[in-house]
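Descriptive structure summary
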Amino acid sequence: MRIAIASDHAAFALKGLLAAWLAGQGHEVRDLGPDSDARVDYPDFGYRLAEAVASGAVERGIALCGSGIGISIAVNRHPAMRCALVSEPLSAALAREHNDANVVALGARLVGDDMAKACITAFLTTDFAGGRHQTRVDKLGAPALAKEPA
């Protein structure tokens, strides 16, 4: 699978570890930065990741920052993105199965290396269920489709 990974300075070490681990599993990994642990702004890298996924250059994305919150917000500013902040494998699997998430976000200060790998494994190996979930996912990219609550 073609996967892009990006972080801020707080998640730089985790990004390197995960990129190497994914490449070792045979994935094509595109590291979108940063190139060091010098302070950077997570929106710059979140936007870069969102564009890589939206353009089709990669199939999935992994977004990392200290908490995972800031970079997930940045990624989700792109209308084609469905970035889910997760902290354990079940939420990663459900993000794929029910929400067709195309990016997963993790907080480097909140999850350990092994938990991050478990979340990413669930994210990459779970298929979207489609069916009743498809209508909801369609509304995520087109708010005009949403109905007025009864």
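See the structure above.
Note that the structure is a prediction, hence the values are computed from the model and not measured. (Residues numbered from 1 in each chain as written. Predicted model: local features only at pLDDT ≥ 70, side-chain atom pairs only at ≥ 80, totals over all residues. Heavy atoms only, no water.)

In this section: the side chain of His133. With respect to the helices, strands and loops of the structure, His133 is situated in helix H6 (residues 132-141). With sequence-adjacent residues up to four places away left out, His133 is seen in contact with Glu97, His98 and Phe128. (Helix = DSSP H or I, 4+ residues; strand = E, 2+ residues; numbered from the N terminus. Contact = heavy atoms within 4.5 Å.)

This part covers the pattern of salt bridges. Using the criterion set out here, one finds five salt bridges in the structure. With a closest N to O distance of 2.8 Å, Lys15 and Asp31 form a salt bridge. Taken together, the positions of Lys15 in helix H1 (residues 12-24) and Asp31 in strand S2 (residues 28-31) put the pair 16 residues apart, joining distant regions of the chain. Classification of Asp31 as partly exposed rests on a relative accessible area of 41%. Across the pair Arg82 and Asp100 runs a salt bridge whose closest N-O atoms are separated by 3.3 Å. Here Asp100 lies in the loop between helix H4 (89-99) and strand S5 (103-107) and Arg82 lies in the loop between helix H3 (69-76) and strand S4 (83-85), a separation of 18 residues in the sequence. The network of salt bridges with shared partners includes Arg82, Arg96 and Asp100. (Salt bridge = Lys/Arg side-chain N within 4 Å of Asp/Glu carboxyl O. Buried < 20%, exposed > 50% of the residue type's maximum accessible area, 1.4 Å probe, protein only.)

As a further point, take helix H5 (residues 113-125). With 13 residues, H5 should cover 18 Å at 1.5 Å per step; its first-to-last C-alpha distance of 18 Å lies within 8% of that length. Among the residues making up H5, those that are buried are Ala116, Cys119, Ile120, Ala122, Phe123 and Leu124. Buried residues along H5 sit against strand S1 (2-7), H1, strand S3 (60-65), H4 and S5. (Expected span 1.5 Å × (residues − 1).)

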